[in-house]
Amino acid sequence: MHEQFIDIPGRATGTTHRLTWFSFGDGNAGPHVYIQGGLHADEGPGMLAARLLVDRLIEEDRAGKMRGRVTVVPAANPLAFGQFLHGDQQGRFDFYDGRNFNRDYPDLTAQAIALLGDTLTDDPQSNTANVRQALLQALETIEPSAPSDRLRHALMRLALPADVVIDLHCDGEAEVHLYTQPVSLERVLPLAALTRCRAVLVADVSGGEPFDEALTKPWGAIAEALPDKPVPQGCVSCTLELRGRMDVDRKLAADDAAALIDYLRYSGVLAGHSNIPALSCEPTPLAGSEALVAPIAGLVSYPVPLGHRVREGEIVAEITDPVSGDLHPVAASTSGVFYARPATRIAEINKRLGKIAGTRPFRDGPLLSP
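Keep in mind the model is a prediction, meaning the values are calculated, not measured. (Residues numbered from 1 in each chain as written. Predicted model: local features only at pLDDT ≥ 70, side-chain atom pairs only at ≥ 80, totals over all residues. Heavy atoms only, no water.)

Chemist: Is there a simple way to think about the layout of surface pockets in this case?
Modeler: Empty space among the atoms can be located by rolling a probe the size of a water molecule over them. If you add up the space inside the second largest pocket, you get close to 170 Å³. A per-element tally of the lining of the second largest pocket places helix 6 (residues 211–225) first, with 5 residues. Residues of the lining of the second largest pocket, tallied by class, amount to 4 nonpolar, 4 polar and 3 charged. (1 Å grid on protein atoms, 1.4 Å probe; cavity = no way out; pocket = protein on both sides within 12 Å on 5 of 7 lines; lining within 4 Å. Points joined across faces, edges and corners; volume = space filled by probe spheres on them. Helix = DSSP H or I, 4+ residues; strand = E, 2+ residues; numbered from the N terminus. Nonpolar A, V, L, I, M, F, W, Y, C, P; charged D, E, K, R; others polar.)

Chemist: Explain the side chain of Glu290 to me, please; I cannot follow it from the model alone.
Modeler: Note that Glu290 resides in strand 13 (residues 289–293). Buried charge without a salt bridge: Glu290, with Arg360 as the nearest opposite-charge side chain at an N-O distance of 7.1 Å. Within the structure, Glu290 has its side chain in polar contact with the backbone nitrogen of Thr334 (distance 3.3 Å). With sequence-adjacent residues up to four places away left out, Glu290 is seen in contact with Ala331, Ala332, Ser333, Thr334, Gly354, Lys355, Ile356 and Phe362. (Buried < 20%, exposed > 50% of the residue type's maximum accessible area, 1.4 Å probe, protein only. Lys, Arg positive; Asp, Glu negative; His and termini not counted. Salt bridge = Lys/Arg side-chain N within 4 Å of Asp/Glu carboxyl O. Polar contact = N/O pair within 3.5 Å; in protein donor to acceptor, adjacent residues only side chain to side chain. Contact = heavy atoms within 4.5 Å.)

Chemist: For this particular structure, what's the right way to read the pattern of salt bridges?
Modeler: Close approach of charged atoms lets side chains of opposite charge pair. In the structure shown here, the tally under the stated rule is 21 salt bridges. Linking Asp256 and Arg243 is a salt bridge whose minimum nitrogen-to-oxygen distance equals 2.9 Å. One end of the pair, Asp256, is in helix 7 (residues 250–266); the other, Arg243, is in strand 11 (residues 236–244), with 13 residues separating them in the sequence. It is possible to trace a salt-bridge network through shared partners that takes in Asp97, Arg99, Asp104, Asp149 and Arg152.

Chemist: Quick question: what am I supposed to make of the nonpolar core here?
Modeler: Most often, soluble globular proteins have nonpolar side chains that are buried together. In terms of nonpolar packing, the biggest core is built from 43 residues, with Leu53, Leu57, Ile166, Leu178, Val200 and Leu240 touching the most fellow members. Residue contributions to this core peak at 8 residues, all from helix 1 (residues 44–62). Contacts of Leu178, omitting those with residues within four sequence positions, involve Val188, Leu191, Ala192, Cys197, Ala199, Val200, Leu201, Cys238, Thr239 and Leu240. Among the nonpolar cores identified, the runner-up in size contains 38 residues, and Leu120, Leu155, Ala162 and Val165 belong to it. (Core = buried A, V, L, I, M, F, W, Y, C linked by side-chain atoms within 4.5 Å.)

Chemist: Where do I start with the sheet that holds strand 19 (residues 346–347) in this structure?
Modeler: Adjacent strands of a sheet form backbone hydrogen bonds with each other and so pair up, either parallel or antiparallel. An order of 17-16-14-19 is seen for the 4 strands of this open sheet, with the pairing classed as antiparallel. Whereas interior strands pair on both sides, the edge strands pair on one side only; in this sheet they are strand 17 (327–331) and strand 19. Here strand 16 (residues 315–320) pairs with strand 17 via 5 bridges, running antiparallel. Considered in strand 17, the bridge of Glu318 is made with Pro329. (Pairing = 2+ DSSP bridges.)

Chemist: Looking at this structure, how should I read the packing of aromatic side chains?
Modeler: Centre-to-centre distance and the angle between the planes together describe a pair of aromatic rings. Enumeration over the complete set of coordinates arrives at 4 aromatic pairs. Residues Tyr302 and Phe338 carry aromatic rings whose centres are separated by 6.0 Å and whose planes lie at 35 degrees to one another, so their mutual orientation is tilted. Placement of the pair is Tyr302 in the loop between strand 14 (298–301) and strand 15 (309–310) and Phe338 in strand 18 (residues 336–341), with a sequence separation of 36 residues. Across this residue pair, the class does not change: Tyr302 and Phe338 are buried. (Phe/Tyr/Trp six-rings, centres within 6.5 Å; stacked < 30°, edge-to-face > 60°.)

The quantities given are spatial measurements derived from coordinates; they are silent on function.
Structure (structure tokens):
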């Protein structure tokens, strides 16, 4: 095991932010899995699960069980650790420019194609190595200046060598759920089963260039641009949402870390066998996920619990006007699993009140919240 770090310069003279990661199995020929928590620095469940995973991996390494490689970044956003407003941490958006820390990752495709030139052969394994190297070289042609872009650059450099990328997040209040792409689905479904996801949301492009898609998308684009040579899908990825912000609990995190260990066994990174349970849900299109919104401001209550299978037309939320006492029901326009809602119970107009994983696509454009 190696503990490593880099210091990312801050905006004020002399300030730095330390990004730390742990690597296991360096030099092994087996699969490489990259796992990070806390890209949104106010989302604790993934950070705790990742830290407990490091402890488990130290034990596995000492027992000689490491067959592949694992990189774990328990706290992927040191920049936002110090962002507080009126006593509350604000870890999703950069205070300086307002950008979401999980958006605006660079598309390396065009530069990688240019760097590849005529280096591809008829050997898929050789091409995988060549594409990965070209993507890393393409990243190094970018010279980030803003601290948040330096962070994006550093995280991509750590993740680009990986075969599988798992980005741990959470919602306000939620069941465990997962976002991924069609090309990644087969390889991440065992993780969804092990973590008992109640929703698996699938989209080719979700919008905004999030971290996981920026790592996966170039492979398919390069294969399409260079069809005469075999280019496998060298990286698959997902965003795994570990419940809600209040679910920072060592027992839950230990269970999540155990599920990740089982997934690493399944993937061939660790020696041993893991039993993959049946899925707790079937994958559904992200374009079929309904985001309920508040038509008026007021106090929000929920007549149905998270995990409830909602029917089209069923009342999911109720908004009470605290002055008049008027009650405004908010009904689902699709059927599916009610998998997430905000942690607050006071709504402004157009506030997102919850998410329902439906099977029928009906949205287009950006599919993720800002």
